[in-house]
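This is what each chain is made of:
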Amino acid sequence: MRSLETSSFRLSLQTLLRNKSAFVGTIIVILYFVDALVMEVYPKLFGITQPNSLVENFSSPLPLPPSFSHPLGTTAYGIDLLTSILKAIKFDLAYSLAVVLSGAALGVIIGVISGYVGGALDEFLMRITDIVFSIPYLVLALAVGFVIGRTYTSMVLALAIVWWPLYARYGRALTLSIKTLPYVDSARLYGMNGFKILLKHVIPNVLPPVFVQISLDLGTIMPTFSTLSFIGFIPNANLPELGFLTTLGLNYIQTAPWTVIFPGLAITVFSLAANLMGEGLRDVFDPRRRSE
Amino acid sequence: MKLWAYILRRVVILVPTLIGLTFIVFVLSHSGGPNLVLAEYLNPHLSGSAKQAQIKALIQEFHLNQPIYVQYFYWLLQVLKGNLGYTNTPIYSGPVSQAFELFMPNTLMLSIIASVFTWVIGMPLGVWSAVKKDGVFDQTTRIAALALYSMPFYLIALSLIIIFGVYFRVLPFSGTVNLLLVGSVPWYQNGISYPTHIFIIDAAIHGKYMIALNALEHLILPSLALSLGSLAAFIRLLRSQMLEVFGQDFIRFAYSKGVPEKDIITVHARKNAIIVPLTNFVYLVAFLLGGAVVVESIFNIPGIGYWTTQALLNNDVGGIMGSTLLFGIILVAASLAIDVIYALIDPRVRY
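Since the structure is predicted, the reported quantities are computational estimates derived from the model, not experimental observations. (Residues numbered from 1 in each chain as written. Chains lettered and ligands numbered in written order. Predicted model: local features only at pLDDT ≥ 70, side-chain atom pairs only at ≥ 80, totals over all residues. Heavy atoms only, no water.)

Scanning chain A for helices and strands turns up 10 helices and 2 strands. In chain A, the succession of α and β elements from N to C terminus is α-α-β-β-α-α-α-α-α-α-α-α. In chain A, 71% of the contacts between residues at least 6 apart in sequence involve partners at least 24 apart. For chain A, the exposed area adds up to about 13600 Å²; of that, 68% sits on carbon and sulfur atoms. Each charge class in chain A can be summarised by its mean position, and for the 19 positive and 16 negative side chains these summaries are 8 Å apart. (Helix = DSSP H or I, 4+ residues; strand = E, 2+ residues; numbered from the N terminus. Contact = heavy atoms within 4.5 Å. Areas by Shrake-Rupley, 256 points an atom, 1.4 Å probe, with all protein chains shown as cover. Lys, Arg positive; Asp, Glu negative; His and termini not counted. Charge placed at Lys NZ, Arg CZ, Asp CG, Glu CD.)

What follows is the structure in structure tokens.
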């Protein structure tokens, strides 16, 4: 049994590694996580002393093109782009993870219960899901910002509220298809109670595809989150965040395009990598939905 | 069941969805107390006892001393009577319904052009990358689509500005028209043109074709930006759907009985493959609305998205409730429309 498990794990790993784009994607995602970890634990490794705020240099406030001392150039008020992006990755990653994980947890719980119990409860929960699903995230973000203030935390909350219906629907669909499988029937015939079937048979089979979805969503959330802060929903933060970093260079777009391109590129690369990784993972965990 | 009964049932289901949506946003935006509503309606020139009297009158009028769900009920009643309240933003203050009238046409124009772009660019790319699966064309299209899909929306818009507006200097990228051209025309005031509020059409109505041409140039970049954002999802869906159809027996049968490949692609495969991207139209509408907010802010276009952003950033309760209702109705109506179209074109769907 043990050897069978290890060999199936090795097979999964092989499938993932053989897919070159998924491999590259996974490496890039890992690098982003490593960067976030370094910024949290020991930022001096990259020669950064203030990992949680943007360092301005008012003696040369105008954006400078990429040079030896500033490899990616500087943006408004003399902020060095490379170090700021390295700092910002930690925040963007943390916020995106918070959104996806809380949204996925809430959604999967609701979806699994809804699909497993069925009947009136299912109808009720799905109606609520539909309602929340139809809320445009920008509107909800603003409404939430009204109540608890426009901060990064409230934006995370708003996005999580908008994101869970997706997982509720997905979790419900998975549960419905698993519920009809013969081994669930036989477990029920053996007299296993419903809750135990849910824990032992349904949830373990729902989770792997959900994890794939999470890794794909990570690539969607980060651009969405940075868009919120780009539009200006989070005022005067001075936190290194990629969307905010982009807005700093907005007035210099005609003379210094690198100020908006590099922060945006940092998001694009991550999002691309997360998508490639997610598609690779999907081939491993969920061969039926294999990407073409 | 008849089709009309199906439509009727769907419409009945939509009503609680809209009520739930507006209720959530209403509770969230009114839970901060009466000050935001008061600030919207209070005459700023009043002071002393006159001010207190007006506050009292406003509290009476909007039932601000009652629980929020009661206030919501009164709000709903007003909406059903056609009164959407007032909005107060730097770009416009006045009745919400008039704000819709002034700003909606611009957004509509932008969205229509963007969806035409999406259709015209996406259709051949999606079909051909499925036909030439794993070829150079397919790989390039897939990588480009994935890269576009991964870009934050504002980066797409800014890149277009940098490439076409700043580097090549071929297209304008701010506002709806060159202001030097319209300095003295009487039908254009405060960034809004009359009578249709769509600048191109208004200019054409008044016979100023040069100005209309200039306005058209101003529309290209925003609508291209809007369409590029949705293009990636469209191409990917169409491609995977085409591939699925290609794998089916009736296509193989058509090949074996000697139907020309061109006819197989256009008549047999594309017709079947288009259904899923079409149902995805709802998400396209949702995306266009969300994207319009970003695009209109970046390109300075006085549309519904720009107004919504202003309402949101200025704590304008009336504007927020109004745009929530509008966005909700558009999304819900789009999803209804797509279900009906789906039922009409796909005989396998039973309703």
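Along chain B, the regular secondary structure elements total 15 helices and 4 strands. Along the first, second and third principal axes, the C-alpha set of chain B runs to 90 × 55 × 35 Å. Expressed as a percentage of the 351 residues in chain B, the buried residues total 48%. The long-range share in chain B, meaning contacts at least 24 apart out of those at least 6 apart in sequence, stands at 70%. Looking at chain B as shown, the accessible area adds up to about 17000 Å², and 65% of this sits on carbon and sulfur atoms. Across chain B, the centroid of the 20 positively charged side chains sits 6 Å from that of the 15 negatively charged ones. (Buried < 20%, exposed > 50% of the residue type's maximum accessible area, 1.4 Å probe, protein only.)

It is worth spelling out the interface of chain B and chain A at this point. Buried accessible area, meaning the area lost when the parts come together, often serves as the stated size of an interface. If you look at the interface, chain B gives 45 residues, while chain A gives 44 residues. Taking both partners together, chain B and chain A bury about 3700 Å²; carbon and sulfur atoms supply 76% of that area. Applying the counting criterion to the chain B and chain A interface returns 1 salt bridge. The closest approach of N and O atoms between Glu279(A) and Arg236(B), which form a salt bridge, is 2.7 Å. Counting across the interface, chain B meets chain A through 4 residue pairs in polar contact (both at pLDDT 80 or more). For the side of chain B that touches chain A, the secondary structure elements donating two or more residues are α1 (3-30), α6 (136-150), α7 (153-167), α9 (209-246), α13 (281-299), α14 (304-313) and α15 (317-345) of chain B. Of all the elements, α1(B) adds the most residues to the side of chain B that touches chain A, at 9 residues. Grouping the constituent residues of the side of chain B that touches chain A by class yields 31 nonpolar, 9 polar and 5 charged. (Buried area = accessible area lost by both parts, 1.4 Å probe. Salt bridge = Lys/Arg side-chain N within 4 Å of Asp/Glu carboxyl O. Polar contact = N/O pair within 3.5 Å; in protein donor to acceptor, adjacent residues only side chain to side chain. Nonpolar A, V, L, I, M, F, W, Y, C, P; charged D, E, K, R; others polar.)

Residues and elements named next belong to chain B. With respect to the helices, strands and loops of the structure, Gly291 is situated in helix α13. Placed 66 residues apart in sequence, Gly291 and Ala225 show a C-alpha to C-alpha distance of 8.8 Å. Residues in contact with Gly291, not counting those within four places in the same chain, are Phe153 and Leu226.

Our focus in this paragraph is the pattern of salt bridges. Residues and elements named next belong to chain B. In the structure shown here, the tally under the stated rule is 7 salt bridges over all chains. Residues Arg239 and Asp138 are paired through a salt bridge, measuring 2.8 Å at the closest nitrogen-oxygen approach. Note that Arg239 is positioned in helix α9 and Asp138 in helix α6, a separation of 101 residues in sequence. Both residues of the pair, Arg239 and Asp138, count as buried. Among the ionic pairs, Arg252 bridges to Asp249, the shortest N-O distance being 3.5 Å. Here Asp249 and Arg252 lie together in helix α10 (residues 249-256), a separation of 3 residues that amounts to about one turn. Neither residue differs from the other here; Arg252 and Asp249 are each classed as exposed.

Before going further, it helps to examine a nonpolar patch on the surface. Residues and elements named next belong to chain A. Taken together, the side chains of Phe9, Leu13, Leu17, Phe23, Val24, Ile27 and Leu31 present a nonpolar region at the surface, about 650 Å² in accessible area. No other element matches the 4 residues that helix α2 (residues 20-41) contributes to the nonpolar patch. Looking at the secondary structure, you find Phe23 in helix α2. The class for Phe23 is partly exposed, based on a relative accessible area of 37%. (Patch = residues over 30% accessible without salt bridge, like charges linked within 9 Å, V, L, I, M, F, W, Y side chains within 5 Å.)

For the rest of this paragraph, the subject is the UniProt feature "transmembrane region" (unreviewed entry) in chain A. Residues and elements named next belong to chain A. UniProt records the feature "transmembrane region" (unreviewed entry) at residues 21-42, 93-117, 137-164 and 255-278, using the numbering of this structure. Helix makes up 95% of residues 21-42 and strand 0%, and the two end C-alpha atoms of the span are 31 Å apart. In the segment residues 255-278, helix accounts for 88% and strand for 0%; the C-alpha atoms at its two ends are 38 Å apart. (UniProt positions renumbered as here; feature names shortened; annotations may be inferred.)

Looking now at the nonpolar core. Of all hydrophobic cores here, the largest spans 148 residues; its most connected members are Phe233(A), Ile298(B) and Phe299(B). For this core, the domains that each give at least three residues are domain 1 (13-83) and domain 2 (99-106 + 115-174 + 222-345) of chain B. If we ignore the near neighbours within four places in the chain, the residues touching Phe299(B) are Ala157(B), Ile161(B), Phe173(B), Ser174(B), Gly175(B), Leu221(B), Pro222(B) and Ala225(B). Counting residues in each nonpolar core, the second largest holds 17 residues, with Val127(B), Phe234(B), Phe246(B) and Ile274(B) among its members. (Core = buried A, V, L, I, M, F, W, Y, C linked by side-chain atoms within 4.5 Å. Domains from an automatic or database assignment.)

For the rest of this paragraph, the subject is the packing of α2(A) against helix α3 (residues 81-117) of chain A. All names here are of chain A. At a closest axis distance of 8 Å, the pairing of α2 and α3 adopts a crossing angle of 110 degrees. One way to sum up the angle between α2 and α3 is to call them roughly perpendicular. Residues Tyr32, Phe33, Asp35, Ala36, Met39 and Glu40 of α2 pack against Leu86, Lys87, Ile89, Lys90, Leu93 and Leu97 of α3. The residue inventory of the contact of α2 with α3, partitioned by class, reads 8 nonpolar, no polar and 4 charged. (Axes fitted to C-alpha atoms, helices over the stretch in contact; angles between N-to-C directions. Parallel < 35°, antiparallel > 145°, perpendicular 65-115°, else oblique.)

Here we take up the domain arrangement of chain B. Residue and element names in this part refer to chain B. As assigned here, chain B comprises domain 1 (13-83) and domain 2 (99-106 + 115-174 + 222-345). In this structure, domain 1 and domain 2 have C-alpha centres spaced 37 Å apart. Summed over both sides, the interface between domain 1 and domain 2 buries roughly 1200 Å², with carbon and sulfur atoms accounting for 84% of that surface. For the pair domain 1 and domain 2, the number of links is 0 salt bridges. The interface formed by domain 1 and domain 2 includes 0 residue pairs in polar contact (both at pLDDT 80 or more). Breaking the side of domain 1 that touches domain 2 down by element, the ones donating at least two residues are α1, α2 (35-41) and α4 (68-80). Of all the elements, α1 adds the most residues to the side of domain 1 that touches domain 2, at 9 residues. Looking at the side of domain 1 that touches domain 2 residue by residue, the classes come out as 9 nonpolar, 4 polar and 1 charged.

Moving on to the environment of Gly82(B). Assignment of secondary structure puts Gly82(B) in the loop between α4 and β1 (86-88). As a C-alpha pair, Gly82(B) and Ser97(B) span 15 residues in sequence and 8.5 Å in three-dimensional space.

Another point: empty space enclosed by the protein. All names here are of chain B. A complete count under the given rule lists 2 cavities of 30 Å³ or more for this structure. By volume, the largest cavity is sized at about 90 Å³. Lining the largest cavity are Asn106, Met109, Gly175, Thr176, Ile198, Phe199, Ile200, Ala215, His218, Leu219 and Ile301. Taken together, the elements giving at least two residues each to the lining of the largest cavity come down to α5 (96-131), α8 (199-205) and α9. Looking at the lining of the largest cavity element by element, the count peaks at 3 residues for α9. Grouping the amino acids of the lining of the largest cavity by side-chain chemistry returns 7 nonpolar, 4 polar and no charged. (1 Å grid on protein atoms, 1.4 Å probe; cavity = no way out; pocket = protein on both sides within 12 Å on 5 of 7 lines; lining within 4 Å. Points joined across faces, edges and corners; volume = space filled by probe spheres on them.)

Looking now at α6(B). Here α6(B) contains 15 residues, and its C-alpha end-to-end distance of 21 Å stays within 8% of the 21 Å for a straight helix at 1.5 Å per residue. The complete set of buried residues in α6(B) reads Asp138(B), Thr141(B), Ala145(B), Leu146(B), Leu148(B) and Ser150(B). (Expected span 1.5 Å × (residues − 1).)

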